[in-house]
Amino acid sequence: NITAISHRASIYLNMGRWAEAAEMAKKLESMHHSEIFIAAFAYSEQGRLANALASFLQGAMNHSRTARSLAGCSVPQPKTHEEAEDDETAYYLRQSISGYLSRQSPASRSLFRKVIQHPRVRSLLKEAEEVRERWNHVASDEARRHEVFTHMEEMKTAEYARARAAELRDLIEKEGTK
């Protein structure tokens, strides 16, 4: 049951059961992209920073405003329905993992703030937003619309996030971690 798995992931994260939280969250990554943030937090607490970075990027590529919120950054008022939905996702996720967030390790908090504020990550998120915007405006050209849609969907995948995380590995290696 999807709902049960989602609740288990949050509960495990709130309890500090990192491996179980990550396992449950990863089961839902392709259906509920916001769950991948739970895996990112769990991986960071385990010191599995490469996995944490890839998971956080995957979440951010699907929910950029949620990523900013979870990293403790300010998020401007939503201008579109999609942005409002993203803010709602952030609200509900913050509620479900509030126990974890209240005692999140300083290293984890610092990692995600550093990642979301890094110019290369901001550029990547901006590109994803531009692709979504292009898709919304190419309705008359079916071939172009399909091409943009395919690129937009590719950017949301775990594979894409892992490839970008590999390019950004220096963000975590500077800290002398794995």
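Refer to the structure printed above.
Rules and cut-offs
- Residues numbered from 1 in each chain as written.
- Predicted model: local features only at pLDDT ≥ 70, side-chain atom pairs only at ≥ 80, totals over all residues.
- Heavy atoms only, no water.
- Helix = DSSP H or I, 4+ residues; strand = E, 2+ residues; numbered from the N terminus.
- Rg over C-alpha atoms; globule rule 2.2 N^0.38 Å.
- Buried < 20%, exposed > 50% of the residue type's maximum accessible area, 1.4 Å probe, protein only.
- Contact = heavy atoms within 4.5 Å.
- Areas by Shrake-Rupley, 256 points an atom, 1.4 Å probe, with all protein chains shown as cover.
- Axes fitted to C-alpha atoms, helices over the stretch in contact; angles between N-to-C directions.
- Parallel < 35°, antiparallel > 145°, perpendicular 65-115°, else oblique.
- Left-handed = near helix turned anticlockwise from the far one by under 90°.
- Nonpolar A, V, L, I, M, F, W, Y, C, P; charged D, E, K, R; others polar.
- Expected span 1.5 Å × (residues − 1).
- Arc of directions from axis to C-beta.

A. Looking closely at the overall build of the chain. When you go through the chain residue by residue, the secondary structure sums to 12 helices and 0 strands. A compact globule built from 178 residues should have a C-alpha radius of gyration of about 16 Å, and the chain, at 16 Å, falls within 12% of that. For the chain, buried positions account for 43% of its 178 residues. Summarising the internal contacts of the chain: among those between residues at least 6 apart in sequence, 63% fall at separations of at least 24. Of the roughly 9,400 Å² of accessible surface on the chain, 51% is carried by carbon and sulfur atoms.

B. Just the packing of helix H1 (residues 2-15) against helix H3 (residues 36-46), in detail. Viewed as axis vectors pointing N to C, H1 and H3 meet at an angle of 25 degrees, and their least axial separation amounts to 10 Å. The angle between the axes of H1 and H3 places the two elements in the roughly parallel class. Between H1 and H3 lies a crossing of left-handed hand. Residues Ala9, Ser10 and Leu13 of H1 form the contact with H3, whose own contacting residues are Ile38, Phe41 and Ala42. A per-class count over the contact of H1 with H3 returns 5 nonpolar, 1 polar and no charged.

C. Region of the structure containing helix H6 (residues 81-96). Taking 1.5 Å per residue as the helical rise, H6 with its 16 residues ought to reach 22 Å, and the 23 Å between its terminal C-alpha atoms agrees with that figure. Residues of H6 that are buried: Asp86, Ala90 and Leu93. Take H6 and look down its axis: the buried residues cluster within an arc of 75 degrees, on one side only. Relative to its buried face, H6 has exposed residues pointing more than 90 degrees away, namely His81 and Tyr92. Among the structural elements, H3 and helix H5 (64-70) are those in contact with the buried residues of H6.

D. Representation of the environment of Met31. Along the chain, the position of Met31 falls in the loop between helix H2 (18-27) and H3. Met31 sits in the partly exposed class, given a relative accessible area of 45%. In this structure the C-alpha to C-alpha distance between Met31 and Ile2, which are 29 residues apart in sequence, comes to 9.0 Å.

E. Quick look at the packing of helix H4 (residues 49-62) against helix H8 (residues 106-117). Relative to each other, H4 and H8 sit at 50 degrees, their axes nearing to 11 Å. By the angle between their directions, the pair H4 and H8 is classed as oblique. Handedness of the crossing formed by H4 with H8: right-handed. Across the interface between the two elements, Leu49, Ala52, Leu53, Phe56 and Ala60 from H4 touch Leu111, Phe112, Val115 and Ile116 from H8. Here the residues of the contact of H4 with H8 sort into 9 nonpolar, no polar and no charged.

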